[in-house]
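Chains, contacts and geometry: an overview
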Amino acid sequence: MADDTFLSDDLLRQLMSVGEVDLLVGISSQFAPSTIGHAVQTIEQAFQQYFVRQRVVIVNMGCDDQEHSQDGDGVVATSIDNSQEKNVRLPGIVSLRTIHQVSAKFSSPPSPGIALRTILAVADLLRARAVAVVSPATSNLTPDSIANLLRPIYQEKFDFVAPLFIRHKYQGLLVRNLLYPMSRAVFGCGIRELYSDERGFSGRLAGYCLNQEVWQEEAIRLRPEAWMAISAFSSDFRCCQVFLGEKSPATRGPGTDIVEVLRQTVGTLFWCLENRESSWLDGGKSQPVPTFGPSQELTSEPTDLDRHRIFEMFRSGVTELEPILSSILDPETHSEIKSIVSIEEAKFRFKSELWVRTLYDFAASYHHAVINRNHVIQALAPLYRGMTHSFLAEHANSSPAEMEAANEMLCAEFELQKPYLTERWKARVEVKS
Amino acid sequence: MTLQRDNLWYKDAVIYQLHVRTFCDSNADGIGDFAGLTQRLGYLQELGITAIWLLPFYPSPLRDDGYDISDYTSVHSSYGSLEDFKAFLTAAHIRGMRVIIEMVLNHTSDQHPWFKEARSSRENPKRDWYVWSETDNRYPGVPIVFVDAETSNWAWDPISKSYYWHRFFSHQPDLNYDNPAVFGTVWGVMKFWLDLGVDGFRLDAVPYLVEREGTLCENLPETHAIVREIRKRLDLAYPGTLLLAEANQWPADVRAYFGDGDEFQAAFHFPLMPRIFMAVKLEDRKPIIEILEQTPEIPESCQWFIFLRNHDELTLEMVTDIERDYMYDEYAMDKSMRINRGIRRRLAPMMNNDRRRIELLNGLLMSMPGTPIVYYGDEIGMGDNVYLGDRNGVRTPMQWNSALNAGFSMADPERLYAPVISNAVYGYQAVNVDSQERFEHSLLCWMKSLIQVRNAFRVFSRGALQFLNPSNHRVLAYIRQFGGETVLVVNNLSSSAQAVELDVQAYKGYVPIEMFGRNLFPRFGNVPYLLTLGPYQFYWFQLRRI
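Some remarks on the overall build of chain A
When helices and strands are tallied, chain A shows 17 helices and nine strands. Within chain A, the proportion of its 433 residues that are buried is 49%. Of all intrachain contacts in chain A linking residues separated by at least 6 positions in sequence, the fraction that spans at least 24 positions is 86%.

Here is the structure:
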């Protein structure tokens, strides 16, 4: 019953005043309440520049108190300005309609999952045709980027829009070496940015996701983005990508704690493998996703990553976690891992074939819960560091094109070994207590 | 019934706009006339009309629907005689209805004897009654009004071999108000009609009376001086005579024509009208609120005149390009419905003959601040004929009954000045006064009750306006207050049922009484007042402290 009433009476009263809408933009000020004003202004500008005729609403998920706010400067903004008669007016351009603003507060400790679920519910109740979710902390949020997320849904009848960004060539290594190639191989989902704060989706997809029995899951509470993208792709919703320009620095999440990063991203991906098992276990090859604008741009800038330290952490981690790795990895894989640990740093390479097999072992072990799932993810950390070291060494002088080619080869390797994952996934295993 | 002496009568009026030609033909020549109009005054009285605004009925070549006058002190022979007009005027007054006539001060027809004399030679005494030039370079940059038809504000006169100034059609030369004789003569014309008993003038094309080099020749101080002089003379000799300005401009610009209460008493609120249509289509009160918030205060004795439709196109001059495109897309997808910068359609077809929307718009018209004008035929939901050219599609014969020519005329149909509307939806067989008078739920009967309620409460005509701004933007709610009268108006602008919570704390303890059925609603208390409204529904509540 509690599930049925997760929207507050106050929010329902606000929705009653809004009525049916064409476009909805959701923002969560949980992580950056101090920038909510700017974000709202940017969204209003997007509406005024590009959607002057449409029925529109801005939905803000805010925190009730300072304890729940996770903004660096501690400023709390629980609601956006509701003076709806006074929307920001651009010179010479005025929306024909009122730009509605709705504020919702977290009734429980705030989380991205609760924020998304609320936005989905609002979209469903208001029968929104197109929805965009953006982060107020995104420093380069522009009216154009908001419009780019909404347009494919509203005008081209797509159901899901994922962003693409200009990235520094060493930025987003987890995406490049794990999340993207693995989700592409397993689900056939060619969406690069599964974990972006920005995305667009249709009211139809919102309704579909809202009705899934996933909202109490830890993975969804923490990072629902990838699940939504994978759900869209694997349920035959029309998906596309749009180029949004430069990727602003990560503004939320676990920061530099690699284990926490892996838990929230790889953990969610492994959970999705389980949750969406029927869509991939006997599935075919990956499908390209239509892309509006450049597919991806890379820039080369100096990096201050300490490769030696990364390598040392790989080595020590693999050694310390050997008993755990032996329960996760296939013996052959484990043996190869142990052998590369002893290679001197200058000659060290984590080959793609081994990396993919390692990950598939981890995914299968996560599925079979051979040990506590958190420990499975934790044990991946040193191996990811080893892969990162290898990548940095291999591509120290690579051009963007060379890096893209290498990434395509990695993706191909993931696809090639997918039967191995399937086999291990289906295998009966003895769970160690 | 006789007219009550009240110099502010125009504030409380409900005005009916008509062209004599369109209303009723008494002599079977296919053209409406004053005798026919006089016969139909009972209909207007019963409708609740308190003033009639007549479109031009003067002798004219009729190249601009009568706004090209060739004789200011007579009646076009098609419409009858001056005696017929006098009889009409007397009859209207007896029925308690005042009469407002058109006065075109800015220009005459080129067939007017004044212009014929003026162009006959450069030495003619009337030469200086018009604005002449040896070149067409004077007053550069002055906008052309009828851009579809004219390329310059100057026209070459081959007779006197010089250019004359015209802000409108080239067959409408502008009078020269720098010549005192012109003003004197025009005042004489106005006196002529005032002595017959007319109650007011709608002054056509007011902003353009005077020309000055280096200006846009609009809204000049000299023009205001002329208006003030007319008003002064009226107040002195004919107190209570209405001067109504036609100035299709933003309210802030029109405001100047009210002066300090010493120029016009009334002016049309042009920008409000398209925004009412827009608000209903958008299902959002924003356009109405915005324009009324931009509307300046006017002197106590003055009044805005508001309307939904009139004899011209639904003008889209006073909207932004984005708004104009939207209006075209929503109300005039068929390009034949567009003319100049507007839409040549009647109210009912624009509302897709949706009775609820027609009622809502009329409800807004009758409850918003200002004096409402009903365009003839809209009270029965008449249709239009966009294929008649120009704006003639909204000027077709009045539909009285389902008999020959809709009861408008006994002439052969071929003789009618314009064909009656005869399509399946809006044709006179389906839409006519006679049939609507027969059943109490007709649009006509509903209009009568609407006007009756409006006329019973001065708060509608003179009351202050306060928007309530509930969070539901599909609902437009406002309080009208005048003396001890307080009225709450709540309009659902949308096509779906709506709930709205109204902040009526200021009226805590008041009992709302629905004004059409006189039913009591629950008393206002401490919490927001919850109302639900069906699609396009509106409520008028009298608020009483009982």
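Side note on the overall build of chain B
Counting its regular elements, chain B contains 17 helices and 22 strands. For a compact globule of 546 residues, the expected C-alpha radius of gyration is about 24 Å, and chain B comes in at 24 Å, within 12% of that figure. In terms of principal-axis extent, the alpha carbons of chain B reach across some 80 × 55 × 50 Å. Counting only residues that meet the buried cut, chain B has 52% of its 546 residues in that class. Across chain B, every contact between residues at least 6 apart in sequence was considered, and the portion connecting residues at least 24 apart equals 67%.

Let's talk about the sheet that holds strand β11 (residues 314-315) of chain B
Residues and elements named next belong to chain B. Strands sit in the order β11-β13-β12 across an open sheet of three strands; the sheet is antiparallel. Two strands bound the open sheet, and with one partner strand each, they are β11 and β12 (338-339). In the sheet, β12 pairs with strand β13 (residues 342-343) via two bridges, with the strands oriented antiparallel. Bridging across to β13, I339 finds its partner in G342.

Structural notes on the interface of chain A and chain B
At the junction of the two partners, chain A supplies 13 residues and chain B supplies 17 residues. Top contributing element to the side of chain A that touches chain B by residue count: helix α1 (residues 9-18) of chain A, with three residues.

As for the pairing of strand β3 (residues 98-104) of chain B
All names here are of chain B. A large share of β3 lies buried, amounting to six of its seven residues. One ladder, built from four bridges, connects strand β2 (residues 51-54) with β3; its direction is parallel. In the strand pairing of β3, W53 is matched with I100. In this view, the connection linking β2 to its parallel neighbour β3 by way of helix α5 (residues 82-94) has right-handed handedness. Two strands pair when backbone bridges link them, and β3 and strand β7 (residues 200-204) are joined in this way by five bridges, in the parallel orientation. By the bridge assignment for β7, I100 is matched with G200.

Here we look at the domain arrangement of chain A
Residue and element names in this part refer to chain A. By the assigned domains, chain A splits into domain 1 (3-297) and domain 2 (307-426). Where the side of domain 1 that touches domain 2 is concerned, the elements lending two or more residues are α5 (173-187) and α9 (258-275). Classifying every residue of the side of domain 1 that touches domain 2 by side-chain character gives 14 nonpolar, three polar and six charged.

A closer look at the sheet that holds strand β1 (residues 15-18) of chain B
Hydrogen bonds between backbone groups are what pair the strands of a sheet, and the pairing can be parallel or antiparallel. Residue and element names in this part refer to chain B. One closed barrel holds the eight strands; their spatial order is β1-β2-β3-β7-β8-β9-β10-β14, and the pairing between them is parallel. Neighbouring strand axes in the sheet, compared pairwise and without regard to direction, differ in orientation by 25° on average. For β7 and strand β8 (residues 242-245), the ladder comprises four bridges, and the chain directions are parallel. Looking at the pairing, G200 lines up with L242 of β8.

Points about the packing of helix α10 (residues 272-282) of chain B against helix α12 (residues 321-331) of chain B
Residues and elements named next belong to chain B. The contact between α10 and α12 brings their axes to 11 Å, and the two run at 65°. Here α10 runs over α12; the crossing is left-handed. Residues P274, F277, M278 and K281 of α10 touch α12, and the partners they reach there are E323, Y326, M327, E330 and Y331. Its residues assigned to classes, the contact of α10 with α12 comprises six nonpolar, no polar and three charged.

A closer look at the nonpolar core
Counting 170 residues, the largest nonpolar core has I52, L244, Y257, A267, I276 and L361 of chain B as the members making the most contacts within it. Those residues within four positions of L361 of chain B in sequence are excluded, and the remaining contacts are I276, V280, L308, L347 and M351 of chain B. By size, the runner-up hydrophobic cluster in this structure holds 118 residues, among which are V40, V56, I119 and I153 of chain A.

Some words on the environment of D29 of chain B
All names here are of chain B. By secondary structure assignment, the location of D29 is in the loop between α2 (20-23) and α3 (34-39). D29 gets classed as partly exposed once you count the C-beta atoms within 10 Å, which come to 15. Taking C-alpha positions, D29 is 7.6 Å from S409, a pair spaced 380 residues apart along the chain. Apart from the residues within four sequence positions on either side, D29 is in contact with A411 and R415.

Things to note about the pairing of strand β14 (residues 371-375) of chain B
Residue and element names in this part refer to chain B. A large share of β14 lies buried, amounting to five of its five residues. Burial along β14 is two-sided: the residues T371, I373 and Y375 and P372 and V374 are all buried. When β1 meets β14, the two strands line up parallel, connected through three bridges. Bridged to Q17 within β14 is Y375.

What counts as what
Residues numbered from 1 in each chain as written. Chains lettered and ligands numbered in written order. Predicted model: local features only at pLDDT ≥ 70, side-chain atom pairs only at ≥ 80, totals over all residues. Helix = DSSP H or I, 4+ residues; strand = E, 2+ residues; numbered from the N terminus. Buried ≥ 20, exposed ≤ 12 C-beta atoms within 10 Å, placed from the backbone. Contact = placed C-beta atoms within 7 Å. Rg over C-alpha atoms; globule rule 2.2 N^0.38 Å. Pairing = 2+ DSSP bridges. Right-handed = clockwise from strand over helix to strand, strands pointing away. Domains from an automatic or database assignment. Nonpolar A, V, L, I, M, F, W, Y, C, P; charged D, E, K, R; others polar. Axes fitted to C-alpha atoms, helices over the stretch in contact; angles between N-to-C directions. Left-handed = near helix turned anticlockwise from the far one by under 90°. Core = buried A, V, L, I, M, F, W, Y, C linked by C-beta atoms within 7 Å.

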